[in-house]
Amino acid sequence: NIKFPATDLHQLEQDESFFYLIENEEQIKLRFHDYGEIYKRPGLYEQLFYQRLKCSSPKKVCDILARVLQNNRVEMTETRVLDLGAGNGMFGEQLHTVGVARVIGVDICEEASDACERDRPGTYDAYYVRDFCNMDTATHEDLSAWQIDCLSCVAALGFGDIPAKAFANAYNLVAPSGWVAFNIKETFLLESDTSGFSRLIKQLLVNDALEVHHLERYRHRISIDGRPLFYYALVGKKE
């Protein structure tokens, strides 16, 4: 059972939010980003983010990606996607519904891989538990062999979950003229944001390394106190 704190949380940053889990008559405090502990408990991630907080991002980003590829006459059934920050397979599951040929999952968290195998077996053609900031040669060669032509990263960017270097290394695995689909909190595109990831995305856009085909502001989910949290969904082509 999930219990949200009753105090005023307006001053908390999004990545500082927490909740209480009532388990075996004990109350456990968990941060929203304590993914390892959340993934260990079947159904908790879904209950927290999708049932209680109405997260819409996996379907939203997948629908946009499918529409952009269709408009560009790219066959989904021939697309090979690297899903960075794959978690327990929520986005990978969406990719299957639109007929993607190959989906390769990557996450730094061993518990995420275990949860995916437990809850959504067969979602990924392969699942790598790796630190993409320090990718070894064998992993790079292995991933290159998949001939990745699309990178996805949903609800995992901008809070330090996936550092800029890890995203850049994944981006470099995508074939020229391949596709990129991700979402980010709306504030990361503001001029005032000077974080590493924000600078990376702005650099890609300014240098025309990423040709934007769709950029849309939408409600990612609601906060504990019911306020809408807005993100941008971006789908672009690697130049």
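Analysis parameters
Residues numbered from 1 in each chain as written. Predicted model: local features only at pLDDT ≥ 70, side-chain atom pairs only at ≥ 80, totals over all residues. Heavy atoms only, no water. Pairing = 2+ DSSP bridges. Helix = DSSP H or I, 4+ residues; strand = E, 2+ residues; numbered from the N terminus. Buried < 20%, exposed > 50% of the residue type's maximum accessible area, 1.4 Å probe, protein only. Right-handed = clockwise from strand over helix to strand, strands pointing away. Core = buried A, V, L, I, M, F, W, Y, C linked by side-chain atoms within 4.5 Å. Contact = heavy atoms within 4.5 Å. Axes fitted to C-alpha atoms, helices over the stretch in contact; angles between N-to-C directions. Nonpolar A, V, L, I, M, F, W, Y, C, P; charged D, E, K, R; others polar.

On to the sheet that holds strand S3 (residues 26-31). Read across the sheet, 3 strands follow the order S1-S2-S3 without closing on themselves; strand pairing throughout is antiparallel. Looking at strand neighbours, the two that pair on one side only are strand S1 (2-3) and S3, the edges of this open sheet. Here 6 bridges tie strand S2 (residues 18-23) to S3, and the two strands are oriented antiparallel to one another. Its bridge partner being in S3, Ile22 is matched across the sheet by Gln27.

The element strand S5 (residues 102-107) is largely enclosed, with a buried count of 5 among its 6 residues. When strand S4 (residues 80-84) meets S5, the two strands line up parallel, connected through 5 bridges. When the bridges of S5 are listed, Arg80 appears paired with Arg102. A crossover links S4 with its parallel partner S5, the connecting element being helix H4 (residues 90-97), and its sense is right-handed. Of the pairings in the sheet, the one linking S5 to strand S6 (residues 126-129) comprises 4 bridges and is parallel in character. What sits directly across from Gly105, in S6, is Tyr127.

Core analysis: the largest hydrophobic core is formed by 47 residues, its most contacted members being Phe19, Tyr45, Leu48, Phe49 and Leu95. Among all residues touching Phe49, those that are not within four sequence positions of it are Phe32, Lys54, Cys55 and Arg221. Residues Phe132, Leu151, Ala166 and Phe197 belong to the second largest nonpolar core, which totals 29 residues.

Here we take up the environment of Gly92. Within the fold, Gly92 resides in helix H4. In sequence terms Gly92 and Pro58 are 34 residues apart; their C-alpha atoms lie 8.6 Å from each other. With sequence-adjacent residues up to four places away left out, Gly92 is seen in contact with Asp83, Val103, Thr123 and Tyr124.

With that out of the way, let us pick up the packing of helix H7 (residues 164-171) against helix H8 (residues 196-206). Where H7 meets H8, the axes come as close as 9 Å, and the angle between the chain directions of the two elements is 35°. Residues Ala164, Phe167, Ala168 and Tyr171 of H7 form the contact with H8, whose own contacting residues are Gly196, Phe197, Leu200, Ile201 and Leu204. Grouping the constituent residues of the contact of H7 with H8 by class yields 8 nonpolar, 1 polar and no charged.

This part covers the sheet that holds S4. Read from one edge of the open sheet, 7 strands run S6-S5-S4-S7-S8-S10-S9, paired in mixed fashion. Both outer strands of the open sheet, S6 and strand S9 (210-222), are each paired with one neighbouring strand and no more. Adjacent strand axes in the sheet meet at a mean angle of 20°, parallel and antiparallel pairs treated alike. Examined bridge by bridge, strand S7 (residues 150-153) and strand S8 (residues 179-185) share 4 bridges and lie parallel to one another.

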